[in-house]
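The chain contents come next:
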Amino acid sequence: MVKQLLLVRHGEAKDSQDQQSDASRDLAARGYQDAVRIGHYLKEQGWQPDVIISSPAVRAAATAQMIAEQLHYPAQHIQPKPGLYEASLRTFLAIINEQGDQLNRILAVGHNPTISYLIEYLTGEEVGTVVPGGSALLEFAIEDWSEVSQSTGSLVVYKTPANLT
């Protein structure tokens, strides 16, 4: 069985305002545009997630929602995962490992540097710093998400907002 994990870094965020928490930062206009472009690209590719999980930070949740709209994925089914905000690589991996085996395609929206580290950890490929709105599709020849660990995946494609074609 092949399982697919699409890791997305949230879109470009607005700068923090006075007294504003980092988690409450919204997407900038470009961040919204890029999230829509990601969703449109996925729709054109025929890629449909079984589940969308996201950090609850406003910018990540908004990215997930914009992608979901393009894919006609019900926004109310997006699963906020508090552990994805400020997640370590270990925490992010644990959240992936606990996903149900009936799921074959997971879309996860999170933050850097963890998104970049996770792609490299799972695939052994060097991607550097994933830009805002960047996404990577990983494949795993596994039956169970608990089998996902270091170098068990392959990087199918890495896209930035600039090369979504």
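That block above? That's the structure.
All of the points below concern the structure found in this document.

**Considering helix H1 (residues 29-45)**
For step 1, the next point in the chain: Here H1 contains 17 residues, and its C-alpha end-to-end distance of 25 Å stays within 8% of the 24 Å for a straight helix at 1.5 Å per residue.
For step 2, the next point in the chain: Along H1, the residues that are buried comprise Gly31, Asp34, Ala35, Ile38, Gly39, Tyr41 and Leu42. The buried side chains of H1 occupy one side of the element, clustering within an arc of 160 degrees when seen end-on. Away from the buried face of H1 by more than 90 degrees, exposed residues Ala29, Gln33 and Glu44 are located.
For step 3, the next point in the chain: Lining the buried residues of H1 we find strand E1 (2-9), helix H2 (58-71), strand E4 (105-110) and strand E6 (153-159).
For step 4, the next point in the chain: Positive phi shows up at glycine 46, right after H1, with a value of about 75 degrees.

**A word on unusual backbone geometry**
Across residues other than glycine, the phi torsion is negative in most instances, and most of the peptide bonds are trans.
For step 1, the next point in the chain: Cis rather than trans, the peptide bond between asparagine 112 and proline 113 has omega equal to 10 degrees.
For step 2, the next point in the chain: Even without being glycine, histidine 72 reaches a positive phi, approximately 55 degrees.
For step 3, the next point in the chain: Within the element layout of this structure, histidine 72 appears in the loop between H2 and strand E3 (79-80).
For step 4, the next point in the chain: Judged by its relative accessible area of 63%, histidine 72 is exposed.

Calculation rules
Residues numbered from 1 in each chain as written. Predicted model: local features only at pLDDT ≥ 70, side-chain atom pairs only at ≥ 80, totals over all residues. Heavy atoms only, no water. Helix = DSSP H or I, 4+ residues; strand = E, 2+ residues; numbered from the N terminus. Expected span 1.5 Å × (residues − 1). Buried < 20%, exposed > 50% of the residue type's maximum accessible area, 1.4 Å probe, protein only. Arc of directions from axis to C-beta. Contact = heavy atoms within 4.5 Å.

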